[in-house]
Amino acid sequence: MNQTESHVRSRAGRDHPYLHGAALLLILLAARLPFWSHPTPVHPDEVSFVDAIGFPANYPVHAPGYPLWIAIGTLLSSATATKYAAFAAASLAASIVGPLLMFAWLRQRFGSPLALASALAFALCPLAWFHSVTALTYWAATALGLIVVIACDRAIRRQDGRALWIGSLALSVGLFLRTDCLIYFGPLFAFAIWRAKTARSRMSALLPIASFAAFYFLMQAIYGRGGPTIFADRFAHSREVLLGTSLFGAGLVDGLLRNLVKIAVNLAWNVGPLALVCAGTFLLKRRSDDGATSSMDYESDAPARVRAARKLPAIWIATGLTFL
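Here's a quick rundown of the structure. (Residues numbered from 1 in each chain as written. Predicted model: local features only at pLDDT ≥ 70, side-chain atom pairs only at ≥ 80, totals over all residues. Heavy atoms only, no water.)

1. Thoughts on the overall build of the protein
Counting its regular elements, the protein contains 18 helices and zero strands. Considering the protein as a whole, with its 324 residues, one finds that 41% of them fall into the buried category. Sequence-distant contacts in the protein: of pairs separated by 6 or more residues, those separated by 24 or more amount to 73%. (Helix = DSSP H or I, 4+ residues; strand = E, 2+ residues; numbered from the N terminus. Buried < 20%, exposed > 50% of the residue type's maximum accessible area, 1.4 Å probe, protein only. Contact = heavy atoms within 4.5 Å.)

Spelled out as structure tokens, the structure:
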């Protein structure tokens, strides 16, 4: 056994992934459930979501429609005491699935202790905690977004075409949950497509394109019930909201500075000093592991694939700085 294999196996033996995963699950449940009952609504959008359950005649009651979120609330509403609780249950589930996905993803390269600490910092920050028991869409979109990110990372590192199709499917589904998933995770997926080696893998790009076209024409047909100009008016409003907070609407200097401030404030308020601790720890850990290649990276092009995968966070952050 060479030194690299010994390093990988010894690290895996110390990780205890199932024990750490179970601990994460229990901690999140214990942290969320005491706040299950709270004054509602906490945000005006929640009123629109609750009113849209069952897809009434005046649906969509909140642009751009959020058809998947309303479908989830409609399905769960028959099993919950209130319509609001149907959405809250979906948020609660997603707020547990998301950190578990993050833990499973980071554990493969950084080990269970660091992955567990990162998942807890991510899951128990004030904003994430707040959204976990509300009727808002953010945790559900986060869980789907993480699937896209993990799939893109795996597709690049391992040249795994199946992972790329999984990411394509998650992105396509996410469009019907929140259409801005295409903006926040589309560039990551496009980068993974660009790094793909086979035509079959690149064909996965057709799925989100078809999904967006289907969403567009579905919403056009539904909004058309309210009048011939309703869809154009709502679409123009959504476009103005999106572009108004982007570099395209606010300009490079004002928009970039404002978005930088927003990201800094979110990191400081939600994660606090743990943001710096986790970032520093990841950098040190990555540097110490640079000389040890995992068992999946024996191919000659492995270093190039690893360098490409390390660009994903930069693309993700750049997207947030452009549209926030």
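2. A short note on the environment of L243
When you line up the elements, L243 lands in helix α13 (residues 230-244). Taking the C-alpha atoms as reference points, L243 and F323, separated by 80 residues in sequence, lie 7.6 Å from one another. Apart from the residues lying within four places of it in its own chain, the contact partners of L243 are F248, G249, A250 and F323.

3. Considering the pattern of salt bridges
Inspection of the entire model under this criterion finds four salt bridges. D153 is the salt-bridge partner of R157, the closest N and O atoms lying 3.0 Å from each other. With R157 and D153 both in helix α8 (residues 138-158) and four residues apart, the pair spans about one turn of that helix. For the salt bridge of D160 with R162, the shortest nitrogen-to-oxygen distance reads 3.9 Å. Here D160 falls in the buried class, since its relative accessible area comes to 14%. Owing to a relative accessible area of 68%, R162 belongs among the exposed residues under this scheme. In the salt-bridge network here, residues are joined through shared partners; they are R154, D160 and R162. (Salt bridge = Lys/Arg side-chain N within 4 Å of Asp/Glu carboxyl O.)

4. Description of unusual backbone geometry
In this model, T40 is joined to P41 through a cis peptide bond whose omega is -10°. Summarising the element assignment, P41 is placed in the loop between α2 (17-32) and α3 (44-52). Each neighbour pair has its own omega, and for Y59 with P60 the value is 0°, a cis peptide bond. Residue F55 is not a glycine yet carries a positive backbone phi of 50°. One non-glycine residue, Y66, lies in positive phi territory at about 45°.

5. Description of the side chain of S246
Of note, S246 is situated in the loop between α13 and α14 (247-250). Residue S246 is classed as buried on the basis of its relative accessible area, which comes to 0%. In this structure S246 touches G251, R258, T322 and F323, once residues within four positions along its chain are discounted.

6. Examining the packing of α8 against helix α10 (residues 181-195)
The contact between α8 and α10 brings their axes to 9 Å, and the two run at 10°. Compared by their axis directions, α8 and α10 come out roughly parallel. As α8 runs across α10, the sense of the crossing is left-handed. Counted together, A141, G145, V148, V149, C152 and I156 of α8 and C181, F185, L188, F189, F191, A192 and R195 of α10 form the full contact between these two elements. Taken together, the residues of the contact of α8 with α10 sort by class into eleven nonpolar, one polar and one charged. (Axes fitted to C-alpha atoms, helices over the stretch in contact; angles between N-to-C directions. Parallel < 35°, antiparallel > 145°, perpendicular 65-115°, else oblique. Left-handed = near helix turned anticlockwise from the far one by under 90°. Nonpolar A, V, L, I, M, F, W, Y, C, P; charged D, E, K, R; others polar.)

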